[in-house]
Amino acid sequence: MRYFLYLLLMTLFACSTPLSKRHLLVIGDSNGANKGWVYHLQELRGGGPLVNTSIGGNTFGFDGMGELRRNSLENLTAYLRKGYAEMGQIDEILISLGTNDCKAEYSDRREEVYEHLATILTRTKAFFDERGQDVPRIILVTPPAAGSDDVVSDEFQGVAACLKDLSVKIRAAAAAEGLCLVDFQAKPGKGLLKYSSDGIHFNAEGYKLLAEAVVRECY
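Attention here is on the structure that accompanies the text. All of these numbers come straight from a predicted model, not from anything done at the bench. (Residues numbered from 1 in each chain as written. Predicted model: local features only at pLDDT ≥ 70, side-chain atom pairs only at ≥ 80, totals over all residues. Heavy atoms only, no water.)

**What about the overall build of the protein?**
Check the secondary structure of the protein and you find six helices and five strands. Taken from N to C terminus, the helices and strands of the protein fall in the order α-β-α-β-α-β-α-β-α-β-α. In terms of overall dimensions, the protein is globule-like: its C-alpha atoms have a radius of gyration of 17 Å, near the 17 Å expected for 219 residues. Along the longest, intermediate and shortest principal axes, the C-alpha atoms of the protein span 55 × 35 × 35 Å. Across the 219 residues that make up the protein, the buried fraction comes to 47%. Contacts spanning at least 24 positions in sequence make up 73% of the contacts within the protein whose residues lie at least 6 apart. By element, 53% of the accessible surface of the protein is carried by carbon and sulfur atoms, the whole surface being about 10,700 Å². Within the protein, the 28 negative side-chain charges are centred at a point lying 6 Å from the centre of the 24 positive side-chain charges. (Helix = DSSP H or I, 4+ residues; strand = E, 2+ residues; numbered from the N terminus. Rg over C-alpha atoms; globule rule 2.2 N^0.38 Å. Buried < 20%, exposed > 50% of the residue type's maximum accessible area, 1.4 Å probe, protein only. Contact = heavy atoms within 4.5 Å. Areas by Shrake-Rupley, 256 points an atom, 1.4 Å probe, with all protein chains shown as cover. Lys, Arg positive; Asp, Glu negative; His and termini not counted. Charge placed at Lys NZ, Arg CZ, Asp CG, Glu CD.)

Following this line, the structure appears as structure tokens:
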């Protein structure tokens, strides 16, 4: 009973902390980089402590574009240390990856993507457990909808179907781990594609919709 009350109090405390005061670490790809959805999330919450490690070509666990720096699994510890170094603490970790893992070059390695996702969650928890710290709230974000093969470039052929399948796994992981889920595939869904010229990236209006979805679903 005492443990239940402790959890209840911690939940109420977390919910009472204004979004602008929360220390956020984002792990993402080009849709979160520069003036992507993370930029608009910052606008929606009125600023606040944030470390955004999103870079173009980033993946769950492949050397994206042939570079280790685009492999989130290999750089996870560096991301977490960067969050602490720049903010002093991490309250929440938002993981928004998957589009680049669905590139055509990885078409015969789909099962590895699911394994990479599971390993990132395991290693994230271990990072804090080993230091005797509470694990920050983890938010999983499905990749946004992608265009059909006649719209996307050669490197993204088959991406739309792949992302649907990957999102099923991300939803399952969030449910199994009790994590908050932002389902870009469901909302804004395919409607987002009217804000895209290449079927992968979006304009400012599209990224605003993604940022709004994050706030709506998990805040």
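**Here we look at unusual backbone geometry**
Residue K187 is joined to P188 through a cis peptide bond whose omega torsion reads 10°. Relative to the elements of secondary structure, P188 occurs in the loop between β5 (180-182) and α6 (204-218). Its identity as a non-glycine residue notwithstanding, N34 has a phi of 50°, on the positive side. In this structure, N34 sits in the loop between β1 (24-28) and α2 (37-45). One non-glycine residue, M65, adopts positive backbone phi at about 55°.

**Overview of the state of the cysteines**
Summed over the entire model, instances satisfying the criterion amount to two disulfides. Bridging C102 to C162, the disulfide has an S-S length of 2.0 Å. Between C102 and C162, the S-S torsion sits near -75°, and that sign places the bridge as left-handed. Of this pair, C102 sits in the loop between β3 (92-96) and α4 (110-129) while C162 is found in helix α5 (residues 159-177), placing the two residues 60 residues apart along the sequence. The exposure class of C102 is buried, given its relative accessible area of 1%. Note that C180 is cross-linked by a disulfide to C218, the S-S spacing being 2.0 Å. Judged by the sign of its S-S torsion, about -105°, the bond between C180 and C218 is left-handed. Taken as a pair, C180 in strand β5 and C218 in helix α6 lie far apart in primary sequence, 38 residues in all. In this structure, C180 and C218 share a single accessibility class: buried. By sequence-ordered numbering of the bonded cysteines, the protein has its disulfides arranged as 1-2, 3-4. (Disulfide = S-S within 2.5 Å.)

**Notes on the sheet that holds β3**
Within the open sheet, the five strands sit side by side as β2-β1-β3-β4-β5. Their pairing is parallel. Single-partner strands in this sheet number two, and they are β2 (50-52) and β5. Neighbour-to-neighbour, the strand axes of the sheet open up by a mean angle of 20°, direction not taken into account. Relative to strand β4 (residues 137-141), β3 runs parallel, the two sharing five bridges. Residue pairing for β4: I93 is matched across the bridge by I138. On the sheet, α6 packs against β3, β4 and β5 and is oriented at approximately 150° with respect to β5. (Pairing = 2+ DSSP bridges. Axes fitted to C-alpha atoms, helices over the stretch in contact; angles between N-to-C directions.)

Nothing here speaks to function; it is all geometry.
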